[in-house]
Amino acid sequence: MSVFGPSYGSVWAAPALSIYGASIEAAALGDSYIANSVNVGTTTWLDSRGWMHWANALLGAPLRIRPGAIQGVPGETTAQILARVGNITALSPRPRFCFVNGGVNDVGFGVSLDTMVSNMAAIIAALNAAGIIAVVGPIFAGDAADAGQISKGRAFNLAVSKMAAPASMIWCDWSSLILPTGYCVSGTLFDGIHPGSVGARGMASAVAAALGSRISGAYPLAATGALGNLQNPLMTGTGGTLANGFTGTGPSNWTFYRNATPTGGTQTCAKVTRTDGFGDWAEIALAGLVSAGKFQAGLLSANA
């Protein structure tokens, strides 16, 4: 089943690409679902709401998704996304895959189904013309969607799923996140519209399953950050910076941050040896927190 109803189309198998010791360039194009995956400012970091980042992690980090290759604009329709597809095809180095999301705003704005489908087909075709394979999944119904909107979303998903083909588009079915009513499983959408980290993780499972037949292996990040474009990507050392209220230890060149000061509870940072032998992982354990608003905690690294 798709997020709006029955499942259509399938994941096409293809010979795996051997990428051990190297990385495959990837990009992302779409609306706020894509925009929410990266935060750009004085410090740039990848957000846990980014389903493509979760998928990359599940695959063993074979993809290199540069912040500048994440082209998401909140509120855009498929027509507006199509108008920006050149931002992806002009990237250098050119990506092999592009994660694409679009259609949710079309449904909300009353764009016709035929127009939505035509625009998505044009987006995929433009990427294909540049040698880029689109990675697409079903669109979600927000908590406030009505029956007509759910029906249109279901029809759109059906039409787009049928565009799947080995050399042009990979269809990823994250049906586990939808109820028979057409709405999302509780916790998938953090604000009733957009997937949060839990939803993104669920979407990523389907993406990783679909891409798993296309790519294999993982590249070991260089300690200098030459491949990962990070300072200390292996998270060695104990010289990390902890925001006020955090306790514990963090890897050198990394910063533990939070966007608010919660009442009560603990925020403990720790390092854990990676099971694959490549460096360490960093963990943040949150317990017993009380906050009047949304509380976010995360880990940042400066670019190499």
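Note on numbering: residues in each chain are counted from 1, in written sequence order. Under the rules for a predicted model, residues below a pLDDT of 70 receive no local features and side-chain atom pairs below 80 are neither given nor counted, while totals for whole chains, interfaces and linings still include all residues. The basis for every side-chain value is the complete set of non-hydrogen atoms in the structure, without hydrogens or water.

**Observations concerning the overall build of the protein chain**
Here is step 1 of the chain: Summing up its helical and strand segments, the protein chain has 8 helices and 15 strands in all.
Here is step 2 of the chain: Burial here depends on accessible area, computed with a 1.4 Å probe over protein chains only, as a share of the maximum for the residue type. Under 20% is buried, over 50% is exposed, and the range in between is partly exposed. In the protein chain, which comprises 304 residues, the proportion classed as buried is 43%.
Here is step 3 of the chain: Considering only residue pairs separated by 6 or more positions, the protein chain has 70% of its internal contacts joining residues 24 or more positions apart.
Here is step 4 of the chain: Just so you have it, the protein chain exposes about 13100 Å², and 57% of that area is on carbon and sulfur atoms. Only DSSP runs of H or I reaching four residues or more are called helices, and only runs of E reaching two or more are called strands; each is numbered from the N terminus. In what follows, residue pairs with any heavy atoms lying within 4.5 Å of each other are defined as contacts. Surface exposure here means Shrake-Rupley accessible area, sampled with a 1.4 Å probe, where a residue is shielded only by the protein chains that are shown.

**Some details on the packing of aromatic side chains**
Here is step 1 of the chain: When the centres of two rings from Phe, Tyr and Trp lie within 6.5 Å, Trp using its six-membered ring, the rings pair. Their planes under 30 degrees apart give stacked, over 60 give edge-to-face, and anything left gives tilted. What the rule picks out here adds up to 4 aromatic pairs.
Here is step 2 of the chain: With a centroid separation of 5.3 Å and an interplanar angle of 65°, the aromatic rings of Trp51 and Trp174 are classed as edge-to-face. With Trp51 in helix H2 (residues 51-58) and Trp174 in the loop between strand S8 (169-171) and helix H8 (197-211), this residue pair connects regions lying 123 residues apart in the sequence. A single burial state applies to Trp51 and to Trp174, both of which are buried.
Here is step 3 of the chain: Aromatic pair Phe140 and Trp174: ring centres 6.4 Å apart, planes at 40°, arrangement tilted. One end of the pair, Phe140, is in the loop between strand S7 (133-136) and helix H7 (147-161); the other, Trp174, is in the loop between S8 and H8, and 34 residues separate them in sequence. Each member of the pair, Phe140 together with Trp174, is buried.
Here is step 4 of the chain: Put simply, the rings of Tyr33, Trp51, Phe99, Phe140 and Trp174 touch in pairs and so form one group of aromatic residues.

**As for the pairing of strand S2 (residues 24-30)**
Here is step 1 of the chain: Counting buried residues in S2 gives 7 out of 7 residues, a clear majority hidden from the surface.
Here is step 2 of the chain: Should DSSP find at least two bridges between two strands, the strands are taken to pair. Strand direction decides the pairing type here: S2 and strand S5 (residues 63-72), joined by 6 bridges, are parallel. The residue of S5 that forms the bridge with Ala28 is Ile70.
Here is step 3 of the chain: Judged from the 5 bridges that link them, S2 and strand S6 (residues 97-101) form a sheet pairing that is parallel. Along S6, the bridge assignment pairs Ala28 with Phe99.

**Things to note about the sheet that holds S2**
Here is step 1 of the chain: Strand order in the open sheet formed by 5 strands is S5-S2-S6-S7-S8, with parallel pairing between adjacent strands. The sheet is open, and its two edges are formed by S5 and S8, each paired on a single side. On average, adjacent strands in this sheet sit at an angle of 25° to one another, irrespective of strand direction.
Here is step 2 of the chain: When S7 meets S8, the two strands line up parallel, connected through 3 bridges. The residue bridging Val136 from the neighbouring strand is Trp171, located in S8. What counts as an axis is a line fitted to C-alpha atoms, over the stretch in contact for a helix, and the angles between N-to-C directions run from 0 to 180 degrees.

**Some points on the environment of Gly279**
Here is step 1 of the chain: Mapped onto the elements of the fold, Gly279 is located in the loop between strand S13 (266-273) and strand S14 (280-287).
Here is step 2 of the chain: The sequence separation of Gly279 and Pro233 amounts to 46 residues, and the corresponding C-alpha distance is 8.2 Å.
Here is step 3 of the chain: With sequence-adjacent residues up to four places away left out, Gly279 is seen in contact with Leu234, Thr273 and Arg274.

**Some words on the confidence of the model for the protein chain**
Here is step 1 of the chain: Scored by pLDDT, the protein chain has a mean of 80; 78% of the residues are at 70 or more.
Here is step 2 of the chain: Note: pLDDT gives the predictor's confidence per residue, expressed from 0 to 100. In the model of the protein chain, strand S1 (residues 17-18) stands out as the element of lowest mean pLDDT, 33, in contrast to helix H3 (residues 78-83), which has the highest, 98.
Here is step 3 of the chain: Confidence over residues 1-22 falls short of pLDDT 50; this stretch has 72 contacts with residues more than four positions distant or in other chains.
Here is step 4 of the chain: For the stretch residues 217-228, pLDDT sits under 50, and the model shows 35 contacts to residues farther than four places along the chain or on other chains.

**Concerning the packing of helix H6 (residues 113-129) against H7**
Two packed helices can be described by the angle between their axes and the distance between those axes.
Here is step 1 of the chain: Their axes nearest at 10 Å, the elements H6 and H7 cross at an angle of 35°. Judged by the sense of rotation from one axis to the other, the crossing of H6 with H7 is right-handed. Only Lys152, Ala155, Phe156, Ala159 and Val160 of H7 make contact with H6, whose side of the interface consists of Leu113, Met116, Val117 and Met120.
Here is step 2 of the chain: As a working rule, the residues Ala, Val, Leu, Ile, Met, Phe, Trp, Tyr, Cys and Pro are called nonpolar, Asp, Glu, Lys and Arg charged, and the rest polar, with Gly in that last group. Grouping the constituent residues of the contact of H6 with H7 by class yields 8 nonpolar, no polar and 1 charged. Crossing handedness: left-handed means the near helix sits turned counterclockwise from the far one by under a right angle, and right-handed means the same turn made clockwise.

**Looking at the sheet that holds S14**
Here is step 1 of the chain: Spatially, 3 strands are ordered S11-S13-S14 in an open sheet, and the strand pairing comes out mixed. For this open sheet the edge positions go to strand S11 (246-248) and S14, each flanked by a neighbour on one side alone. Between one strand axis and the next, the sheet turns by 30° as a mean value, whatever way the strands run.
Here is step 2 of the chain: In terms of strand pairing, S13 meets S14 through 8 bridges, oriented antiparallel. Counterpart to Thr268 in the pairing with S14 is Ala285.

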